[in-house]
Amino acid sequence: MPTLAVYPGSFDPLTNGHVDIITRGARLFDRIIVAMLVNAEKAPLFSVDERVEIARAVFKAHPKVEVDTFGGLLVDYVERRQAQVIVRGLRAVSDFEFEFQMALMNQRLNAKIETVFMMPAEQYTYISSRLIKEVFSLGGRVHGLVPELVEERLREKVSTTRTR
Ligand code: PNS
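What you are looking at is a predicted structure, and each value in this text was computed from that prediction instead of being measured.

Talk me through the nonpolar core; I want residue IDs and the actual numbers.
Within the largest apolar cluster, 35 residues are counted, with the highest numbers of intra-cluster contacts made by Ile22, Ile32 and Val87. When residues of this core are traced back to their parent elements, those giving at least two are β1 (4-9), α1 (16-28), β2 (31-37), α2 (48-58), β3 (65-70), β4 (85-89), α5 (129-137) and α6 (148-163). Each residue touching Ile32, except ones within four places of it in the same chain, is listed here: Ala5, Tyr7, Ile22, Gly25, Ala26, Lys64, Val65, Glu66 and Val87. In terms of nonpolar packing, the next biggest core, distinct from the first, is built from 12 residues, Leu4, Ile33, Leu74 and Val78 among them.

Give a description of unusual backbone geometry that names residues and reports values.
Residues Asp12 and Pro13 are joined by a peptide bond in cis, for which omega reads 5°. Tracing the chain through its elements places Pro13 in the loop between β1 and α1. In the Ramachandran plot, Phe11 falls in the positive-phi region, its phi being about 50° despite a non-glycine side chain. Note on placement: Phe11 falls in the loop between β1 and α1. On the basis of relative accessible area, Phe11 is assigned to the buried category, the value being 3%. Of note in this structure, Gln82 is not a glycine but carries a positive phi near 55°. Note on placement: Gln82 falls in the loop between α3 (74-80) and β4.

Basis of the calculations
- Residues numbered from 1 in each chain as written.
- Predicted model: local features only at pLDDT ≥ 70, side-chain atom pairs only at ≥ 80, totals over all residues.
- Heavy atoms only, no water.
- Core = buried A, V, L, I, M, F, W, Y, C linked by side-chain atoms within 4.5 Å.
- Buried < 20%, exposed > 50% of the residue type's maximum accessible area, 1.4 Å probe, protein only.
- Helix = DSSP H or I, 4+ residues; strand = E, 2+ residues; numbered from the N terminus.
- Contact = heavy atoms within 4.5 Å.

Laid out in structure tokens, this is it:
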């Protein structure tokens, strides 16, 4: 049976750290679904539709990568998609506590689903979507830290909010 993995997250925006994990995951599993959480409570910079469109464009040449959205419990989505694995990236010890709690809670909710942690390449270990947004909005350079399409979209966002 092919192994299908789900890589869930907010991806607001997609960073090169995410891209690295997805690329590694695609080598390890038969297929990897990048699953974006539809969360009405947060005020994201990019809408879910924008995030999906960006990720689909970045991975258009990768047949093993699928981009989808989900709401509700992650384990229910994973089960519905008949996937066996949840992939999460671990950058530093600071990620560990929250990731450990989530993995154990998900294990309790559905013991058939395994969480697999993957480390990104060293040069991406300090990147987070939150820092990218902060640095970019204050005029800092994010080149090389996010896909070029994300950089373009960040520039468009800033110019449309400034002309409003
Ligand atoms: O990119 P993020 O914000 O770190 O991703 C967190 C995410 C989406 C993986 C997590 O919030 C999640 O799984 N949410 C869905 C609701 C759920 O299942 N919550 C219980 C997790 S233990």
